[in-house]
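# Observations on the model geometry
Listed below are the residues making up each chain.
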Amino acid sequence: LTSELGWTKCHAENGIFTKVRRTAQGKEAVIKCAVYVDDCLITGPSELIAQERDAILKRWPGRKIDPVRKGKFKIMDVLGMEVAFSSSKRTVKMSQAKATSKFLEKFGMANCKTATTPTIHFQNDGDPDGSFPFRALVGAANYLEFLTRPDCSFAIKQLSRYLTEPRSSTTK
């Protein structure tokens, strides 16, 4: 991005790039691009976003995902997180409802009871259980927690203690 397309890398964060351009009206505008592995999110004036996105897609293979309009909100999927934004209300809402449902289905937990406080009480005893994808469960839960569910942090860190040798009582 930097040498070929004229973006400037942020000093504080390696995955953030900025570029200053002029709009059709002659106003100076800042465009920002956040890159995470193979995903890219560009913010700025719409006309400049389209131009920069097209320049990036000419250089590297990819596809554009435009926001979907629902009422007053524009909604898009960013790294499995639904982001709804309203320029008139100047609000941004983030949700991982789809990702959470997929997570619960994947690990056979779709019919589990809900809890207002995500705390777990268990003992790691019984026989070693290598059949359950415990490491994958903790990793997926950690991803959900990191983005939108910091209230689950303590419970997930407790589960992480047993990654090396989960027992049958832990994986139930």
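Here is what the cut-offs are and how they apply
Residues numbered from 1 in each chain as written. Predicted model: local features only at pLDDT ≥ 70, side-chain atom pairs only at ≥ 80, totals over all residues. Heavy atoms only, no water. Axes fitted to C-alpha atoms, helices over the stretch in contact; angles between N-to-C directions. Helix = DSSP H or I, 4+ residues; strand = E, 2+ residues; numbered from the N terminus. Parallel < 35°, antiparallel > 145°, perpendicular 65-115°, else oblique. Left-handed = near helix turned anticlockwise from the far one by under 90°. Contact = heavy atoms within 4.5 Å. Pairing = 2+ DSSP bridges. Expected span 1.5 Å × (residues − 1). Buried < 20%, exposed > 50% of the residue type's maximum accessible area, 1.4 Å probe, protein only. Arc of directions from axis to C-beta. Polar contact = N/O pair within 3.5 Å; in protein donor to acceptor, adjacent residues only side chain to side chain. Disulfide = S-S within 2.5 Å. Salt bridge = Lys/Arg side-chain N within 4 Å of Asp/Glu carboxyl O.

So, on to the packing of helix α4 (residues 134-148) against helix α5 (residues 153-160). Orientation of α4 relative to α5, taken along the N-to-C sense of each, is 155°, at an axis distance of 10 Å. Classed by the angle they form, the pair α4 and α5 counts as roughly antiparallel. The two elements α4 and α5 cross, and the hand of that crossing is left-handed. Counting all contacts with α4, which are made through Phe 134, Leu 137, Val 138, Ala 141, Asn 142 and Glu 145, the residues of α5 involved are Ser 153, Ile 156, Lys 157, Leu 159 and Ser 160.

A few words on the sheet that holds strand β2 (residues 16-22). The 4 strands are arranged β1-β2-β3-β4 in an open sheet whose pairing can be described as antiparallel. The open sheet has two edge strands, β1 (8-9) and β4 (39-43), and neither has a second partner. With 5 bridges joining them, strand β3 (residues 28-36) and β4 adopt antiparallel strand pairing. Residue pairing in the sheet places Val 35 in a bridge with Cys 40 of β4.

Moving on, we get to the sheet that holds strand β8 (residues 91-95). Read from one edge to the other, the open sheet built from 4 strands follows the order β5-β6-β7-β8, with strand pairing classed as antiparallel. Where the open sheet ends on each side, the last strands, each with one partner, are β5 (68-70) and β8. The sheet shows a mean angle of 30° between the axes of neighbouring strands, taken without regard to direction. Pairing between strand β7 (residues 81-86) and β8: 5 bridges, direction antiparallel. For Glu 82, the partnering residue across the bridge sits in β8 and is Ser 95.

Further remarks concern helix α2 (residues 46-59). In an α-helix there are 3.6 residues to a turn, and that puts residues three or four apart on one side. The terminal C-alpha atoms of α2, which comprises 14 residues, lie 20 Å apart, in line with the 20 Å expected from a rise of 1.5 Å per residue. Here α2 has its buried residues at Leu 48, Ile 49, Glu 52, Arg 53 and Ile 56. Along the axis of α2, the buried positions cluster into a sector of 130°, meaning they face one direction only. Where the residues of α2 are buried, they touch α1 (2-5), β2, β3 and β4.

A word on the side chain of Lys 19. The residue Lys 19 is located in strand β2 in this model. Note on Lys 19: relative accessible area 16%, which makes it buried. Within the local environment of Lys 19, its side chain forms a polar contact with the backbone oxygen of Leu 5, the two atoms lying 2.6 Å apart. Beyond its immediate chain neighbours, meaning those up to four positions away, Lys 19 contacts Leu 5, Gly 6, Trp 7, Ala 29, Val 30, Ile 31 and Glu 52.

Okay, the state of the cysteines next. Taken as a whole and judged by the stated rule, the model has 0 disulfides. Cys 33 takes part in no disulfide bond, and the closest cysteine sulfur to it belongs to Cys 40, at a distance of 3.1 Å. The partly exposed category is assigned to Cys 40, whose relative accessible area is 41%.

What follows concerns the pattern of salt bridges. Note that side chains of opposite charge can pair when their charged atoms are close. For the coordinates displayed, the defined rule picks out 5 salt bridges. Between Arg 21 and Glu 52 there is a salt bridge, with its nearest N and O atoms 2.6 Å apart. You can see Arg 21 sitting in strand β2 and its partner Glu 52 sitting in helix α2, a full 31 residues away along the chain. When its relative accessible area of 23% is taken as the criterion, Arg 21 is described as partly exposed. Look at the salt bridges and you will find they share partners, linking Lys 19, Arg 21 and Glu 52 into a network.

Honestly, it's all geometry; don't read function into it.
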